[in-house]
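Coordinate inspection notes
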Amino acid sequence: MQVSDCLIEENKSIKGNYWAYQKPSINFVEKIKLSFNLSNIIASIVANRNIDDKNLDYFLNPTLKNNLPDPSTLKNMDSSIKILLEKIFRNNTLGILGDYDVDGATSTAILFKYFEFIGVNAEIYIPDRIKDGYGISKNSIDHFFRKKVNLLVSLDCGTNDAEFIAYAREKGIEIIVIDHHEVKSLGSPLSIINPKLKGDTSNLNNLCTAGLVFLFVIGLNRELRKKNFFKNKEEINLKELLDIVAVGTICDLVPLHNENRLLVKKGLEKINLKPNIGLSVLKSKLELENKIKSTDIAYYIGPCINAAGRIGDPFLGFNLLVKNNKKDLEVIAEKLINSNNERKTLENISYNQAKMLLKNLTNMKFIFLHSKTWHPGIIGIIASRLVQEYKVPAFVMNIDENKVTGSVRSIKNIDISKILAKLVDEGFLESGGGHAMAGGFKLKEEKLSSLQNYLKENSYVFFKSENSTINIDLEAKISDLNLEMINSMEQLEPFGMGYPEPKILIKKVSSVYSKIIGKNKTHLSCTLEDIYGYRINAMIFNFENSILRVIEEKREFDVIGKVSLNVWENKKIPQFFIEDLRII
């Protein structure tokens, strides 16, 4: 990117962040503006996103025809399809085991719906988080053995389940794994598709399992076509599955770059044109009446599907996506919403308990909390909220009969997966793994004290982080944030992990009105006014007392946030969501 100047503010914000604004050159902005028919403001945001000139067209106008990867580039893709084809032509019943999260539910639904369309019988198993735990288990293998399944496709899990893959083989069950998790203790499945495998040159590491399964189905369909499978039957339009792919991709928090951006963009188009009937029913029950965006999936639809795997019936999310009877789907959608509401209640109770335990602690390098009353399905969410508030990695654990199940969430620049790997190697954890920002682990209760001491003793190594910096996409005036500008920002969607909504800086504002709102009085509604007299409605979610004082004292400050349209009684009004502020 061509840059004219870069400014990192010396003073920290009220939340302890540094602000950085990298202003692109006027010539570069003008080039983007003219090449893609964008407004000056939108072109400025694009220029600030460090997108290579050659990838701008892919970024702004991706197409399935030109940009969808060839499935065969993935290691073991073709051989896995060959194995499955043999079973299909023998009319064998196949097994599908999917993880209990949204990526697992969507991956399972994609493969099941394709099998259903081509007339293949499939037996499904979604593990129970508490009874089975994560991944392939003895329970799941025994289930497939009773159902006389001899080939199982494991989705979003299985890469590191060497013990149970061996157990399955003893039972006469072979396994194909389609997964995207880090490889640690690779078993010996019949075949495995995972872009993180050694020797995989596909460069598709960012795909979640829903995306991988979609490519698998494309490859399988291509081979069936070659063998004249569709000579006397209609061929499925695989685009019909893209809305499910988009839900899995958004909710698994993979970076929305390249192929992920393509799949989500096209999936959202499908959701807003002719969605999966289950998603349509859930959308209606949630009263999502406007055009669905990635944020609607992340904040409303995804959590409902996920709640089933956290504290309810793990099959509900899958069933929502594959059943066709509207009355049945309405019952399922209600159950998912109720499970999510229950999850929220449990989460708030547990989170407040966690905060009380931290009340008198200061200068924490990390958070280490455990309880026998916290539901294992919500400890990851508690950890995420603690990280958001305290800005340090958080280990949160449930204890059940001497067995400890934990979730950990991290902050930028601290790779938690490496820390977990070290803790497993040192013998503190029985198992553990995840990604840079999140992970899960298991240990015995008697190890808790020694684990905490080890983390404290090595905190200077494990939890050394750089200063937190917020990168600003655009400096604007309140008058710039009008309906035309906000509507034009749709050209930049979808937003998500690795590609957040633009962060906008407005300088020299003050609050002329404020009111605490929300069921638990944790949110703040206010009206901001700049030095030119322009005003905009604003919101702060889960406000901190330091911010409340600045707002109520009507002091002047600079503010960073996101802008969107608030639709109320068919009226569209610009609204600013405050993320951080700095007193002038």
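Residues numbered from 1 in each chain as written. Predicted model: local features only at pLDDT ≥ 70, side-chain atom pairs only at ≥ 80, totals over all residues. Heavy atoms only, no water.

Moving on, we come to the sheet that holds strand S6 (residues 174-178). With respect to topology, 5 strands assemble into an open sheet ordered S4-S3-S5-S6-S7, the strand pairing being parallel. Both outer strands of the open sheet, strand S4 (122-125) and strand S7 (191-193), are each paired with one neighbouring strand and no more. Within the sheet, the average angular offset between the axes of one strand and its neighbour, ignoring direction, is 20 degrees. As paired elements, S6 and S7 share 3 bridges and run parallel to each other. (Pairing = 2+ DSSP bridges. Helix = DSSP H or I, 4+ residues; strand = E, 2+ residues; numbered from the N terminus. Axes fitted to C-alpha atoms, helices over the stretch in contact; angles between N-to-C directions.)

Read from one edge to the other, the open sheet built from 5 strands follows the order S8-S9-S10-S12-S11, with strand pairing classed as mixed. The open sheet is flanked by strand S8 (367-371) and strand S11 (431-434), the only strands paired with a single partner. On average, each strand axis in the sheet is tilted by 15 degrees relative to the strand beside it, whichever way the strands run. Sheet analysis places strand S9 (residues 394-400) next to strand S10 (residues 403-409), joined by 7 bridges and oriented antiparallel. Looking across to S10, one finds that Ile399 is bridged to Val404. Its contacts with the sheet put helix H18 (residues 448-457) on S8, S9, S10 and strand S12 (438-444), and the angle it makes with S8 is roughly 170 degrees. (Contact = heavy atoms within 4.5 Å.)

The subject of this paragraph is unusual backbone geometry. Cis geometry marks the peptide bond from Glu493 to Pro494, where omega comes out at 10 degrees. Along the chain, the position of Pro494 falls in the loop between helix H20 (483-488) and strand S15 (504-517).

For the rest of this paragraph, the subject is the confidence of the model for the protein. Detailed reading of predicted coordinates is not advised where the pLDDT is low. Per-residue confidence for the protein averages 92 on the pLDDT scale, and 98% of its residues sit at or above 70. When the criterion is pLDDT under 50, residues 1-6 qualifies, and its contacts beyond four places in sequence or with other chains add up to 20 contacts. (pLDDT = per-residue confidence, 0-100.)

Its 12 residues give helix H16 (residues 379-390) an end-to-end C-alpha distance of 16 Å, which sits within 8% of 16 Å, the value for a rise of 1.5 Å per residue. When H16 is considered as a whole, its buried residues turn out to be Ile379, Gly380, Ile381, Ile382, Ala383, Leu386 and Val387. Along its buried surface, H16 packs onto helix H13 (294-311), helix H15 (326-357), S8, S9 and S10. (Expected span 1.5 Å × (residues − 1). Buried < 20%, exposed > 50% of the residue type's maximum accessible area, 1.4 Å probe, protein only.)

Turning our eyes to something else, we now look at the nonpolar core. Counting 121 residues, the largest nonpolar core has Val46, Tyr114, Phe115, Leu220, Leu528 and Phe576 as the members making the most contacts within it. The biggest single contributor to this core is helix H9 (residues 209-226), with 10 residues. Every residue in contact with Leu528, bar those within four places of it in the chain, is listed here: Ile478, Ser510, Ser511, Tyr534, Arg535, Ile536, Ala538, Phe557, Val559, Phe576 and Ile578. One finds Ile378, Ile382, Val396 and Leu423 within the second-largest nonpolar core, a separate group that totals 40 residues. (Core = buried A, V, L, I, M, F, W, Y, C linked by side-chain atoms within 4.5 Å.)

What follows covers the pairing of S4. The side chains of a regular strand alternate, first on one face of the sheet and then on the other. Across 4 bridges, the pairing between strand S3 (residues 94-98) and S4 is parallel. Paired with Ile96 across the two strands is Ile124, which belongs to S4.

On to a nonpolar patch on the surface. A surface patch of nonpolar side chains, about 350 Å² in accessible area, is lined by Ile531, Tyr532 and Tyr534. You can see Tyr534 is positioned in the loop between strand S16 (523-530) and strand S17 (535-540). Accessibility expressed as a relative area gives 45% for Tyr534, which makes it partly exposed. (Patch = residues over 30% accessible without salt bridge, like charges linked within 9 Å, V, L, I, M, F, W, Y side chains within 5 Å. Areas by Shrake-Rupley, 256 points an atom, 1.4 Å probe, with all protein chains shown as cover. Salt bridge = Lys/Arg side-chain N within 4 Å of Asp/Glu carboxyl O.)

Let us now look at the environment of Ile83. The residue Ile83 is located in helix H5 (residues 77-89) in this model. In the structure, Ile83 is positioned 183 residues away from Lys266 in sequence and 30 Å away in space, judged by C-alpha atoms. When near neighbours in sequence (up to four residues on either side) are disregarded, Ile83 contacts Leu151, Ile176, Leu190 and Ser191.

With 5 of 7 residues buried, S10 is to be regarded as a mostly interior element. Turn length for the S9-S10 hairpin, with the two strands adjacent in sequence and antiparallel, is 2 residues, and the turn residue Glu401 shows positive phi of about 50 degrees. Of the strand pairs in this sheet, S10 and S12 are connected by 7 bridges, and their pairing is antiparallel. If you follow Arg409 over to S12, its bridge partner there is Ala438.

All right, on to the environment of Glu30 then. Inspection of the secondary structure puts Glu30 in helix H1 (residues 26-36). Sequence-wise, Glu30 and Asn194 are 164 residues apart; in three dimensions their C-alpha atoms are separated by 42 Å.

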